[in-house]
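Chain by chain, the residues:
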Amino acid sequence: STELPRTWPIAATDLSPRGMSDTEGLVLSIVVPVFNEEETIVLFLQAVDAQTNAIRSALGSGGQVEILFVDDGSRDRTVEIIEGLVAQRSDVGLICLSRNFGKDAALAAGLAHARGDAIIPMDVDLQDPPDIVPDMVTAWMRGAKVVNARRKRRGSDTWLKRWSATAFYGLYNRMADYPIQDNVGDFRLLDRSVVDVLNGMPERIRFMKGLFSWVGFTQATVEYDRPKRTAGTSKWVYWRLWNFALDGITGSTTMPLRIWTYVGLVVVFLAQLYAAIIIGRTLIFGVDAPGYASIMVVILVFGAFNMISVGLLGEYVGRIAVEVRQRPLYLVEHLTGRAAAGTDSGT
Ligand code: UDP
Ligand code: MG
């Protein structure tokens with residue numbers, strides 16, 4: 001289950017390229033969550049505008065790019081600036097959340113409102129460089145449903161952030177059934193069919209990276225160097241990152257709940273061994289401290305049984321957690337031949 005997505009370019013044989021049957025132009029939506037970003041918005045837009053022609057030619061004739069900002073409860077001039085832009089140009093939109101809900105929630109709002117045939121979530125601070133977007137679009141046009149943008153180095157991050165990220169993703173991938181690809185963030189191109197699936201997921205706690213890997217679909221990867229933040233400061237604090245990590249792990253694993261049965265079984269075995277030694281010693285050498293042998297044996301045995309029963313509860317709670325997420329049992333990417341009969345387009 002540690003299979004990683006294919007890398008771009010994809011073999012053209014098993015895929016149906018985009019844009020062949022569409023007579024109207026394809027639309028790419030760029031979804032940008034923003035939180036107190038008054039300094040970065042205009043710089044971001046300039047950098048995207050510099051790529052618009054390349055993106056449109058990758059999209060084929062009639063291709064369009066739209067930019068959808070999601071204001072995540074900013075308290076500075078962010079909304080004012082974006083509304084000024086919306087008044088000037090028709091390709092910019094704004095979704096205003098009622099308060100700060102966090103980047104994942106802002107992203108979910110953006111995905112729900114974007115109408116593009118492909119959607120790319122991007123950070124506004126240009127750490128997700130717009131100049132690889134044309135390549136991502138090209139990979140999508142060749143048939144990939146998800147195009148991951150993978151950073152080659154994290155040189156621009158602090159060592160603590162790099163270390164904690166490596167530790168977290170290492171731990172996560174050891175526990176989760178669906179591994180997260182190394183060094184891939186939220187910056188990725190998503191086909192409309194994948195976005196529809198994500199929008200339809202009923203779960204409340206949305207660890208987007210986990211969801212992205214859970215949905216599967218034909219994936220491709222484009223690499224880039226992660227630059228430093230253009231302006232402003234990172235809004236993440238370590239307490240938030242810690243909770244983000246907890247959401248990620250509890251959202252996609254049941255292992256920490258269920259491990260206790262096995263720990264308990266090992267402890268029972270060791271406890272029995274030790275109990276036998278204590279009892280044997282008491283029988284042979286007599287009582288040195290009155291009550292020690294009996295109390296020790298009782299503590300060991302009860303401790304082990306407690307662990308086993310916690311693990312047993314974990315088995316049930318873990319299954320409840322999976323049921324509550326209500327994820328679909330499977331997702332179909334496409335149907336071929338007779339399987340496609342009865343549907344209009346086979347998609
Ligand atoms: N962001 C957001 N809500 C938040 C925190 C951040 O919408 O509560 C946005 C932020 O404006 C930026 C993106 O998420 O567009 C990434 O944030 P940041 O650069 O601060 O994170 P980092 O790059 O340090 O992970
Ligand atoms: Mg950033």
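No experiment lies behind these values; they were computed from the predicted model shown. (Residues numbered from 1 in each chain as written. Chains lettered and ligands numbered in written order. Predicted model: local features only at pLDDT ≥ 70, side-chain atom pairs only at ≥ 80, totals over all residues.)

### A look at the sheet that holds strand E6 (residues 184-191)
Here is the rule: For two strands to count as paired, DSSP must find a minimum of two bridges between them. Counting from the N terminus, the helices are the DSSP runs of H or I reaching at least four residues and the strands are the DSSP runs of E reaching at least two. Helix axes are fitted only over the stretch in contact, all axes being lines through C-alpha atoms; the angle between N-to-C directions runs from 0 to 180 degrees. In this description, a residue-residue contact is defined by the distance between C-beta atoms placed from the backbone, which must lie within 7 Å.
Strands sit in the order E3-E2-E1-E4-E6-E5-E7 across an open sheet of seven strands; the sheet is mixed. On the outer flanks of this sheet lie strand E3 (92-96) and strand E7 (219-224), each paired with one strand and no other. Direction aside, neighbouring strands of the sheet carry axes that sit 20° apart on average. Summarising the sheet, strand E4 (residues 118-121) and E6 pair through two bridges and their orientation is antiparallel. Bridge pairing in E6 places Ala-118 opposite Asp-191. Along the sheet face, helix H6 (residues 192-200) touches E4, strand E5 (146-151) and E6 and points at about 115° away from the line of E6.

### Describing the nonpolar core
What counts, and what does not: Put simply, a nonpolar core is a cluster of buried Ala, Val, Leu, Ile, Met, Phe, Trp, Tyr and Cys residues tied together by C-beta atoms within 7 Å. The exposure scheme places C-beta atoms from the backbone and then counts, for each residue, the other C-beta atoms within 10 Å of its own, assigning buried at 20 or more, exposed at 12 or fewer, and partly exposed in between.
Judged by nonpolar contacts, the single largest core of 57 residues is most densely connected at Ile-30, Val-32, Met-136 and Val-137. Per element, the largest residue contribution to this core is seven residues, and it comes from helix H1 (residues 41-59). Apart from the residues lying within four places of it in its own chain, the contact partners of Val-137 are Leu-28, Ile-55, Ala-58, Leu-59, Ala-118 and Leu-189.

### Topic: helix H7 (residues 208-215)
Of all eight residues making up H7, seven are buried, and the element is well covered by its neighbours. Within H7, burial applies to Lys-209, Gly-210, Leu-211, Phe-212, Ser-213, Trp-214 and Val-215. Where H7 is buried, its residues touch E5, E6, H6 and helix H8 (238-252). Gly-216, located one to two residues past H7, shows a positive phi value of around 75°.

### Comments concerning helix H4 (residues 133-141)
When you tally the buried positions in H4, you get seven out of nine residues, the bulk of the element. As for H4, its buried residues are in contact with strand E1 (27-34), H1, E4, E5, E6 and E7. Downstream of H4 by one or two residues, Gly-143 has phi in the positive range, about 125°.

### Some remarks on the packing of helix H9 (residues 255-285) against helix H10 (residues 292-325)
Two measures define how a pair of helices packs: the angle their axes make with one another and the distance between the axes. Applicable threshold: Any angle that falls under 35 degrees is termed roughly parallel, while one over 145 is termed roughly antiparallel, one within 65 to 115 roughly perpendicular, and all others oblique. By convention the crossing between two helices is left-handed if the near helix lies anticlockwise of the far one by an angle smaller than a right angle, and right-handed if it lies clockwise. In this count, Pro and Cys sit with the nonpolar residues alongside Ala, Val, Leu, Ile, Met, Phe, Trp and Tyr, while Asp, Glu, Lys and Arg are called charged and the others, Gly among them, polar.
For the pair H9 and H10, interaxial distance at closest approach is 7 Å and the crossing angle is 165°. As far as their axial angle goes, H10 and H9 are roughly antiparallel. Like other packed secondary-structure pairs, H9 and H10 cross with a definite hand, here left-handed. The residue makeup of the contact of H9 with H10, split by class, is 24 nonpolar, seven polar and two charged.

### A look at the UniProt feature "transmembrane region" (unreviewed entry) in the chain
In plain terms, the rule: UniProt positions are given in the numbering used here, feature names are shortened, and annotations may be inferred rather than shown by experiment.
Feature annotation in UniProt assigns "transmembrane region" (unreviewed entry) to the following positions: residues 259-280 and 292-317. Taken end to end, residues 259-280 comprises 100% helix and 0% strand; its first and last C-alpha atoms sit 32 Å apart. Helix makes up 100% of residues 292-317 and strand 0%, with an end-to-end C-alpha separation of 37 Å.

### Quick look at the pairing of E5
Counting buried residues in E5 gives five out of six residues, a clear majority hidden from the surface. Examined bridge by bridge, E5 and E6 share four bridges and lie antiparallel to one another. Paired with Val-147 across the strands is Leu-189, a residue of E6.

### A word on the environment of Asp-71
If you trace the backbone, Asp-71 turns up in strand E2 (residues 64-71). A count of 23 C-beta atoms within 10 Å places Asp-71 in the buried class. A sequence separation of 37 residues divides Asp-71 from Val-34, and the C-alpha atoms of the two residues are 5.0 Å apart.

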